[in-house]
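As a plain string of letters, each chain reads:
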Amino acid sequence: MALVTTTEMFKKAYNGGYAVGAFNVNNMEIVQAITEACREEKAPVILQVSKGARAYANHTYLVKLVEAAAIECPEIPIALHLDHGDSFETCKSCIDGGFTSVMIDASSKPFAENIEITRKVVEYAHDHGVVVEAELGALAGVEDEVSVEADKAHYTRPEEVEEFVAKTGCDSLAIAIGTSHGAYKFKPGTNPQLRFDILEEVVRKLPGFPIVLHGSSSVPQNYVEMVNTYGGAMPGAIGVPEEQLRHAAQLAVCKINIDSDLRLAMTGTIRKFFAEHPDKFDPREYLKPARANIKELVRHKLINVLGCAGKA
Ligand code: G3H
Ligand code: 13P
Ligand code: ZN
């Protein structure tokens, strides 16, 4: 199946009470791990590419890897999405270069400016058959080397969402309800709690409209432990409780972004491999178990968190 936009995926997810997983891809093994799990579980999927991923792996390599996955997995719909597009130019280059969906993230700009730049991206994207995710509110954490301090983060203001969507024409909206980027989302010993009251208020203002959650890794403690056991130092890494993500997926949240969990699985597995096999130096030997563990982690997310297994 050729790459698809998220329009149909989101309609089915909204009505079906589940979310589609949006996983970040940076190399071949990650693309393979995600799409093999999705093919086996018959799940739709969004493969997303950040500015950092394009800088690391090159736009063309990533597009071709995702196109290869679509050829290998013809039974499932796959969308190729730009994660955190920072300008009209970045979005345009992805729209021109084979992506089916882009995010314009002007959430750090004043409201009117966010509307203006989002509107411009939407006009260009829609003219080219591409859909647009926009963002209101500011998540804490680190993305593309930009760190948003916790005190600069703010929840989405539900009173702004109707005007924003009406004026921009965006196809989905990322909101801030307490998730954050990276592996350190909550302070150890605290009780992580997403603001479902804000989500519900947003849904009342935008009935039927697809909502997106960024920063939704749950930071599996078995992989944090693996990293720490085999030479790493990630004390106090804590993520979003999976039950809360499952609940969000049953509401209007149609896309859930997961990146850090896959990084942890890969890094933990490779650290363990080297600790147990100090003599090995063939990259295929340590990337193979890393890929297998990412695949099983994605399978777990599809079945137990997103609820999208069997929905392709
Ligand atoms: O939200 C950001 C994603 O985790 C991508 O991270 O910008 O380091 O590629 P990156
Ligand atoms: P995590 O850091 O929680 O995996 O979030 C990823 C993300 O939001 C990508 O846009
Ligand atoms: Zn994000």
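Placed above this text is the structure.
Below is a summary of the structure that appears in this document. If you're wondering where the values come from, they're calculated on a predicted model, not measured in any experiment.

### Structural notes on the packing of helix 2 (residues 28-41) against helix 4 (residues 59-72)
Part 1 of the argument: Running from N to C, helix 2 and helix 4 cross one another at 25°; their axes reach a closest spacing of 10 Å. Considering their axes alone, helix 2 and helix 4 lie roughly parallel with respect to each other. In the packing of helix 2 onto helix 4, the handedness of the crossing is right-handed. Facing helix 2, whose interface residues are M28, V31, T35 and R39, helix 4 presents L65, A69 and E72.
Part 2 of the argument: Across the contact of helix 2 with helix 4, the residue classes tally to four nonpolar, one polar and two charged.

### Comments concerning the sheet that holds strand 4 (residues 101-104)
Part 1 of the argument: On the basis of which strands lie adjacent, the closed barrel formed by eight strands has the order 1-2-3-4-5-8-9-10 and parallel pairing. Taking the axes of each pair of neighbouring strands and ignoring which way they run, one obtains an average angle of 25° across the sheet.
Part 2 of the argument: As judged from the six bridges shared by strand 2 (residues 45-50) and strand 3 (residues 78-85), these two strands associate in the parallel manner. When the sheet's bridge partners are listed, I46 is paired in strand 3 with A79.
Part 3 of the argument: Helix 6 (residues 111-127) contacts strand 4 and strand 5 (131-136) of the sheet and is inclined by roughly 170° relative to strand 5.

What counts as what
- Residues numbered from 1 in each chain as written.
- Chains lettered and ligands numbered in written order.
- Predicted model: local features only at pLDDT ≥ 70, side-chain atom pairs only at ≥ 80, totals over all residues.
- Heavy atoms only, no water.
- Axes fitted to C-alpha atoms, helices over the stretch in contact; angles between N-to-C directions.
- Helix = DSSP H or I, 4+ residues; strand = E, 2+ residues; numbered from the N terminus.
- Parallel < 35°, antiparallel > 145°, perpendicular 65-115°, else oblique.
- Left-handed = near helix turned anticlockwise from the far one by under 90°.
- Contact = heavy atoms within 4.5 Å.
- Nonpolar A, V, L, I, M, F, W, Y, C, P; charged D, E, K, R; others polar.
- Pairing = 2+ DSSP bridges.

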